[in-house]
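Read off the chains here:
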Amino acid sequence: MTREEILVEISKVKRVCRGKPLFEQATRDSLTAKLGACRTDEHRIALLAHISTILDIKASLPADMGGHAIQSLIYSFKENCGHDFNKVISTYPFDGKIRDVKCPGCGAPQHFQSPSVE
Ligand SMILES: [Zn+2]
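Everything numeric here is computed off the predicted structure, so don't read it as measured data. (Residues numbered from 1 in each chain as written. Predicted model: local features only at pLDDT ≥ 70, side-chain atom pairs only at ≥ 80, totals over all residues. Heavy atoms only, no water.)

Some points on the coordination of the zinc ion
Now for step 1: Every protein donor of the zinc ion is accounted for by Cys-17 (SG), Cys-81 (SG), Cys-103 (SG) and Cys-106 (SG), and the metal-donor separations fall at 2.3 to 2.4 Å.
Now for step 2: For the zinc ion, the four donor atoms in the first shell make angles of 104 to 115 degrees at the metal, a pattern classed as tetrahedral.
Now for step 3: For the zinc ion, the donor residues sit on a single chain with the sequence spacing C-x63-C-x21-C-x2-C. Residue Cys-81 is located in the loop between helix H4 (67-74) and helix H5 (85-90), and its partner Cys-106 is located in the loop between strand E1 (98-102) and strand E2 (109-113); the two are separated by 25 residues in the primary sequence. (Donors = N, O, S within 2.8 Å, 3.2 Å for Na, K, Ca; no water. Tetrahedral: all angles 85-135°; square planar, octahedral: opposite > 155°, others 65-115°. Helix = DSSP H or I, 4+ residues; strand = E, 2+ residues; numbered from the N terminus.)

In structure tokens form, the structure reads like this:
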């Protein structure tokens, strides 16, 4: 495939930046471990209070938030940036390399593998 043909293929899938993660990876790992260690409602409610403290939010998170919702929160993003990542991918060589880049729109760390031209 030529570079132009690959660009057409890339453009068939919409890729947009999801913005910055709500938590850094180390915090995600720590919270996920704490969530995994929850055995009772009291543990879960204590974890919710802990997350509220980290987020520095005054209102407490809903006490009935279940494990799945908490896991989704841990891996959520602050806001959708929406920057077109196909444009970013198209600025790099098509050499199959895995790249860690920062979103030009919001600065969030992003990760992708460049397509390779054969
Ligand atoms: Zn972004």
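Right, picking up where we left off after that structure.
Brief notes about the packing of helix H2 (residues 25-36) against helix H3 (residues 41-55)
Now for step 1: Contact pair H2 / H3: the axes reach a minimum separation of 11 Å and the direction vectors enclose 165 degrees. Overall, the two elements H2 and H3 adopt an arrangement that is roughly antiparallel. Considering only the axes of H2 and H3, their crossing is right-handed. Contacts between H2 and H3 pair Thr-27, Leu-31, Lys-34 and Leu-35 from the former with Leu-47, His-50, Ile-51 and Ile-54 from the latter.
Now for step 2: Of the residues contributing to the contact of H2 with H3, the split by class is five nonpolar, two polar and one charged. (Axes fitted to C-alpha atoms, helices over the stretch in contact; angles between N-to-C directions. Parallel < 35°, antiparallel > 145°, perpendicular 65-115°, else oblique. Left-handed = near helix turned anticlockwise from the far one by under 90°. Contact = heavy atoms within 4.5 Å. Nonpolar A, V, L, I, M, F, W, Y, C, P; charged D, E, K, R; others polar.)

Quick notes on the nonpolar core
Now for step 1: Listed in full, the 12 residues of the largest apolar core are Phe-23, Leu-31, Leu-35, Cys-38, Leu-47, Leu-48, Ile-51, Leu-61, Met-65, Ile-70, Leu-73 and Ile-74.
Now for step 2: Looking at this core, the elements that each hand over two or more residues are H2, H3 and H4.
Now for step 3: Discounting chain neighbours no more than four positions away, the residues touching Ile-51 are Phe-23, Leu-31, Leu-61, Ile-70 and Leu-73.
Now for step 4: Counting 11 residues, the second largest nonpolar core, distinct from the first, contains Ile-6, Cys-17, Val-88 and Cys-103. (Core = buried A, V, L, I, M, F, W, Y, C linked by side-chain atoms within 4.5 Å. Buried < 20%, exposed > 50% of the residue type's maximum accessible area, 1.4 Å probe, protein only.)

None of the figures reported here should be taken as evidence of function without further support.
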